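# Reading the structure
Given next are the chains, with one letter for each unit.
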Amino acid sequence: MAAKPTKTATYAWWGKDKNGRKTKGEMQSASSAQVKLELRKQGILVTRVTKKNLTFNLGGGKIKPMDIALFTRQMATMMKAGVPLLQAFDITADGLEKKSMRQLVGKIKNEVASGSTFADALRKQPEYFDELYCNLVASGEQSGALDTLLDRIATYKEKTEGLKAKIKKALNYPIAVVCVAIIVTVILLVKVVPQFEEVFQGFGADLPAFTQMVINVSEAVQSYWYLLIGSMALGGFLLKRTLKSSKNARNTADRLALKLPVVGDILDKSAVARFGRTLATTFAAGVPLVDALDAVAGAAGNVVYADAVKKIREDVSTGQQLQFAMKGSGVFPNMAVQMVSIGEESGTLDEMLEKVAAFYEDEVDNMVDGLTSLMEPIIMSVLGVLVGGLIVAMYLPIFQLGSVV
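Please read all numbers here as calculations on a predicted model, not as lab measurements.

### Considerations on the overall build of the protein chain
Check the secondary structure of the protein chain and you find 16 helices and 3 strands. The C-alpha radius of gyration of the protein chain comes to 30 Å, more than 25% above the 22 Å expected for a compact globule of 405 residues. Each principal axis of the C-alpha atoms in the protein chain carries an extent, and together these give about 100 × 60 × 50 Å. For the protein chain, buried positions account for 39% of its 405 residues. The long-range fraction of contacts in the protein chain, counting pairs at least 24 apart against all pairs at least 6 apart in sequence, stands at 61%. Split by element, the accessible area of the protein chain, about 22,600 Å² in all, is 59% carbon and sulfur.

And the structure:
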């Protein structure tokens, strides 16, 4: 008969280390006695142990990529200041606002305190730390330059997340305004147009075609609003599910996104910036170029560039220079290829890749600002046409009232 699996719980503990300094943390264990025994083996004098409720994601706030970037930056600062790793976890956790982040750091610290490497502890949290992050930390531990690598990772995370935020800003603004325009139009069709319709019924004359069309639309919205909302919700759900479950659908969406006017250019330049930033970070960390390109392909963010980087990796692995492999892929701009060429010839490839990333990040920033400025008059025009068109449609019969009388 198989033994029943031992149930574990999360315990918070407080105590003093070998030097008499106060310390605290969390640990998964079957009992508080087991927690005390494990900590005693680590040389910690336990003063209190409390069982915690398993509410990792409840009330603690969802952990976002920028939270991980902040954690990385703080750890890099602690390590550069010469703070021991376990103590750095405690100091960093105390400075974090989100409960969920503090608990995540506590879990990582407990893993490291039980004998795991920092990289192995991170690999047990794959939803927050990707393979690139873990590999770079592992390289830092092996080379004895963990502080430097953490600093590079922090810069990488801050830059890439900042780039994503700029793109979201460019896309969210027009989407939000269009949604507001739709809501205002629906309110006018449901609440305002029916009031005018009652007045028009006493005119005793045919209504203008434009006015009649608006009234027909209003009646349709009033009668079938639930079908309209249901179909929109169902369409959004099916689209999201399809993109999540179908790789072909995601690839098609990525290719179409790059062909969109203005937005496609922003996505294109952001992919080049991400390529430069990721490759510069991994290559500067001492990762061989072929292996670094593997990480870059995984962080490309678009299937067109992911496929291009995979082809570049194959070409580089056969002995071809990076600049010629990039040029042969057909997706990278000439300026990026030329800067990589200079870097290869001068032996400063990581520096030139960082310059490529910085240049195209600035390009994206300028294009986002330009798009926002361009969208404002366009959106105001659309709003004017929608709302103004409805108002004109309602007042047309009144303007023609004199001819009817």
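Moving on from the model shown.
### Remarks on the confidence of the model for the protein chain
Scored by pLDDT, the protein chain comes out at a mean of 82, with 93% of its residues at no less than 70. Across the protein chain, element-level confidence peaks in helix H14 (residues 334-346) with a mean pLDDT of 91 and bottoms out in helix H16 (residues 401-404) with 54. Below a pLDDT of 50 lies the segment residues 1-6, which in the model reaches 1 contact outside its immediate sequence neighbourhood of four places, other chains included.

### Considerations on a nonpolar patch on the surface
A surface patch of nonpolar side chains, about 580 Å² in accessible area, is lined by Tyr224, Trp225, Tyr226, Leu227 and Ile229. Structurally, Tyr224 can be placed in helix H8 (residues 209-245).

### Overview of the packing of aromatic side chains
Here a ring pair, both rings aromatic, is described through the centre-centre distance and the interplanar angle of the planes. By the definition in use, this model includes 6 aromatic pairs. With a centroid separation of 4.6 Å and an interplanar angle of 50°, the aromatic rings of Phe275 and Phe332 are classed as tilted. Of this pair, Phe275 sits in helix H10 (residues 263-284) while Phe332 sits in the loop between helix H13 (322-329) and H14; the two residues are 57 residues apart in sequence, bridging distant segments of the chain. Taken as a pair, Phe275 and Phe332 share a single burial class, namely buried. Measuring from centroid to centroid gives 5.0 Å for Phe359 and Tyr360, while their planes differ by 90°, and the two rings are edge-to-face.

### Some remarks on the pattern of salt bridges
Here the structure, examined in full by the defined rule, presents 12 salt bridges. The shortest N-O distance in the salt bridge between Lys124 and Glu111 comes to 2.8 Å. Here Lys124 is found in the loop between helix H5 (118-123) and helix H6 (131-143), whereas its partner Glu111 is found in helix H4 (residues 99-113), with 13 residues between them in sequence. On the basis of relative accessibility, which here comes to 26%, the residue Glu111 falls in the partly exposed class. A salt bridge links Asp307 to Arg255; the nearest nitrogen and oxygen atoms lie 3.7 Å apart. Of this pair, Asp307 sits in helix H12 (residues 303-317) while Arg255 sits in helix H9 (residues 247-259), and the two are 52 residues apart along the sequence.

### What to know about the environment of Val262
On the secondary structure map, Val262 appears in the loop between H9 and H10. Distance from Val262 to Thr185, taken between C-alpha atoms, is 27 Å for residues 77 residues apart in sequence. Once residues lying within four places of it in the same chain are set aside, the contact partners of Val262 are Met367 and Leu371.

### Looking at a positive patch on the surface
Together, Lys62, Lys64, Lys168, Lys240 and Lys244 line one region of the surface with positive charge. With respect to the helices and strands, Lys244 occurs in helix H8. Among the residues examined, Lys244 registers a relative accessible area of 70% and is labelled exposed.

### A short note on the nonpolar core
Grouped together as the largest cluster of nonpolar side chains are 80 residues, with contacts concentrated most on Phe71, Ile108, Phe118 and Phe129. In this structure, Phe118 is in contact with Phe71, Met75, Leu85, Phe89, Ile108, Val112, Val137, Glu141, Leu146 and Leu150, ignoring residues within four places of it in sequence. Formed by 11 residues, the second largest nonpolar core is a distinct cluster that contains Leu189, Val214, Ile215 and Val221.

The rules behind the values
Each chain carries its own residue numbering, running from 1 in the direction its sequence is written. For a predicted model such as this one, the threshold for reporting local features is a pLDDT of at least 70, and the threshold for listing and counting side-chain atom pairs is 80 or more; totals across whole chains, interfaces and linings nevertheless cover every residue. Values shown for side chains rest on all heavy atoms present in the structure; no hydrogens or waters enter the calculation. Working definition: helices are DSSP H or I runs of at least four residues, strands are E runs of at least two. Numbering for both runs from the N terminus. Radius of gyration here uses only the C-alpha atoms, and the compact-globule reference equals 2.2 Å multiplied by the residue count raised to the power 0.38. Only protein chains enter the accessibility calculation, which uses a 1.4 Å probe; a residue whose area is less than 20% of its type maximum is buried, one above 50% is exposed, and one in between is partly exposed. In what follows, a contact means two residues having at least one pair of non-hydrogen atoms within 4.5 Å. Under the convention used here, a 1.4 Å probe and the Shrake-Rupley method define accessible areas, while residue burial counts only the protein chains that appear. You can read pLDDT as the predictor saying how much it trusts each residue, on a scale of 0 to 100. Each patch is built from residues that are more than 30% exposed by relative accessible area and take part in no salt bridge. Like charges join if they lie within 9 Å; nonpolar side chains (Val, Leu, Ile, Met, Phe, Trp, Tyr) join within 5 Å. The term salt bridge refers to a side-chain nitrogen of Lys or Arg lying within 4 Å of a carboxyl oxygen of Asp or Glu. Aromatic pairing here means that ring centres of Phe, Tyr or Trp (its six-membered ring) are within 6.5 Å. Orientation follows from the plane angle: under 30 degrees is stacked, over 60 is edge-to-face, and everything else is tilted. Residues scored as positive are Lys and Arg, those scored as negative are Asp and Glu, and His as well as the terminal groups of each chain are ignored. Throughout, a charge is located at the NZ atom of Lys, the CZ atom of Arg, the CG atom of Asp or the CD atom of Glu. In this description, a nonpolar core means a group of buried Ala, Val, Leu, Ile, Met, Phe, Trp, Tyr and Cys residues linked to one another through side-chain atoms lying within 4.5 Å.

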